[in-house]
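# A look at the structure
Here is how the chains run, residue by residue.
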Amino acid sequence: MMGSPNRQIRDREESRSGWLHGFAVLTAWCAFGLIFIGGLVTSTGSGLAVPDWPLAFGRVFPKLAGGALFEHGHRLAAAAVGLLTVILTVWICLSDSRKWVRVLALSGLGAVVFQGLLGGATVILELPTAVSVSHALLAQAFFCVMVTLAIVTNPGWRARSLEKSGEEAAGGEAGPQRLCIATATVIFIQLLLGALMRHTHAGLAIPDFPLAFGGLVPPLGDPRVVIHFLHRLGAAAVAGFVIWTATRVIRRRPEESKLLWPACSLLALLAFQIILGALTIWTRKAVIPTTAHVAVGAGILAVTLILTLRLRERRETGDARRAHRWVAENVPV
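This structure is a prediction, so every number in the text was calculated from the model and none was measured.

Parameters and conventions
Residues numbered from 1 in each chain as written. Predicted model: local features only at pLDDT ≥ 70, side-chain atom pairs only at ≥ 80, totals over all residues. Heavy atoms only, no water. Phe/Tyr/Trp six-rings, centres within 6.5 Å; stacked < 30°, edge-to-face > 60°. Helix = DSSP H or I, 4+ residues; strand = E, 2+ residues; numbered from the N terminus. Buried < 20%, exposed > 50% of the residue type's maximum accessible area, 1.4 Å probe, protein only. Axes fitted to C-alpha atoms, helices over the stretch in contact; angles between N-to-C directions. Left-handed = near helix turned anticlockwise from the far one by under 90°. Contact = heavy atoms within 4.5 Å. Nonpolar A, V, L, I, M, F, W, Y, C, P; charged D, E, K, R; others polar. Core = buried A, V, L, I, M, F, W, Y, C linked by side-chain atoms within 4.5 Å. Polar contact = N/O pair within 3.5 Å; in protein donor to acceptor, adjacent residues only side chain to side chain. Salt bridge = Lys/Arg side-chain N within 4 Å of Asp/Glu carboxyl O.

## Here's the deal with the packing of aromatic side chains
- Evaluation of the coordinates by the stated rule reveals five aromatic pairs.
- Between Trp29 and Phe32 the ring centres are 6.0 Å apart and the planes differ by 90°, which places this aromatic pair in the edge-to-face class. One end of the pair, Trp29, and the other, Phe32, are both in helix H1 (residues 5-43), three residues apart, so they sit about a helical turn from each other.
- For Phe32, a relative accessible area of 23% translates into the label partly exposed.
- Between Phe32 and Phe143, the aromatic rings sit 5.7 Å apart at their centres with planes inclined by 40°, giving tilted as the arrangement. With Phe32 in helix H1 and Phe143 in helix H4 (residues 129-152), the pair connects residues that are 111 residues apart, well separated along the chain.

Shown next as structure tokens:
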């Protein structure tokens, strides 16, 4: 039996929204892969393996061997992510009625274009620290935009059902959401310190772990030692905030998988990140643990963002239910 025309239209709209959401998820994962590949370029010291830009040794496709494999491979991957971002932005602008989502997509497009220019500047200017660090941080910001688009294009973003009343949801989630925002801020600052450490070659300025030159506080006469030690202090701050955030969510919402999954993932990623940080020192910056350390840092930021957005979604849905209930109780029909 055929459904009503309205039902058929709604089904088609949900199907199109599902395809858009899937494409946004794909783009976000590709952005994450690009961060890993970019980390490989730095970890292998291949930043100037291709000395010209936008061409490579005067060609579009040079021989991919040695450092050029990593550097030009990074450029090709960046071009692919840029193309995906263009398609996603156009798709959202044509099909999503929410103005703020369209603005966010356009911001992501602007970020990926500017990121390409920064990448070129790092080569032309021969890896200046300020430009290299900005390039690394913008990559993280762009990744966050893509993760946000992947979340908010989900067809069920505004259609979640709540087990508790609107008042309980709206009043109960503000604290955890603010804590998630604070945690994400601390993580981003830590990523800044990590990028500064990598691009000032301070990764082994303190050669031992968990101690620092055999003590708790190293001699701070060398700027690179200061940067490295600040990164370790930042790691401790991130660990504290992540544990605080995750345990609070797990304790208060153990029955909600959409909150429980990212909270538990945060704890697992944190443990893995600590191990990778130790291995980076113990292996004298071996390529795999060093690069994975960069990627997992981005993953921790992304999962914190996902948790923040889901808490926000829960509050907005609770506000809407509270408003509907107020109208039903106070507005005569």
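## Considering unusual backbone geometry
- Backbone torsion omega between Trp53 and Pro54 reads 10°, so that peptide bond is classified as cis.
- Mapped onto the fold, Pro54 is located in the loop between H1 and helix H2 (67-95).
- Residue Phe209 is joined to Pro210 through a cis peptide bond whose omega torsion reads 15°.
- Although it is not a glycine, Leu127 adopts a positive phi angle of roughly 60°.
- Relative accessible area serves as the criterion here: at 39%, Leu127 is assigned to the partly exposed category.
- Positive phi, normally seen in glycine, also occurs at Phe213, with a value near 55°.
- Mapping Phe213 onto the fold places it in the loop between helix H6 (174-199) and helix H7 (223-252).

## Some thoughts on the packing of H4 against H6
- Axis separation between H4 and H6 bottoms out at 9 Å; the angle between their running directions is 145°. The two elements H4 and H6 meet at a crossing, and its hand is right-handed. Of the residues in H6, those in contact with Thr129, Ser132, Val133, Ala136, Leu137, Gln140 and Ala141 of H4 are Phe188, Leu191, Leu192, Ala195, Leu196 and His199.
- Each residue belonging to the contact of H4 with H6 can be placed in one class, and the counts come to nine nonpolar, four polar and no charged.

## Considering the nonpolar core
- Counting residues in hydrophobic clusters, the biggest one holds 61 residues, and the most contacted among them are Leu88, Met146 and Leu149.
- Secondary-structure elements contributing two or more residues to this core are H1, H2, helix H3 (99-124), H4, H6, H7, helix H8 (257-282) and helix H9 (287-330).
- In contact with Leu149, other than residues within four places in its own chain, are Ala24, Leu88, Ile92, Val101, Leu104 and Ala105.
- The next biggest cluster of nonpolar side chains, apart from the first, holds eight residues, and it includes Met197, Ala202, Ala205 and Phe229.

## Notes on the side chain of Thr308
- On the secondary structure map, Thr308 appears in helix H9.
- Residue class for Thr308 comes out buried when judged on its relative accessible area of 11%.
- Engagement of the side chain of Thr308 in a polar contact is seen with the backbone oxygen of Thr304, the distance being 2.8 Å.
- Here Thr308 is in contact with Gln177, Cys180 and Ile181, once residues within four sequence places are set aside.

## Structural notes on the pattern of salt bridges
- Within this structure, the stated rule accounts for two salt bridges.
- Two residues, Arg75 and Glu71, come together in a salt bridge whose shortest N-O distance is 3.2 Å. Remark: Glu71 and Arg75 occur in helix H2; sequence separation between them is four residues, near one turn of the helix. For the pair formed by Arg75 and Glu71, the shared burial category is buried.
- Between Asp96 and Arg98 there is a salt bridge, with its nearest N and O atoms 2.8 Å apart. Of the two residues, Asp96 and Arg98, both sit in the buried class.

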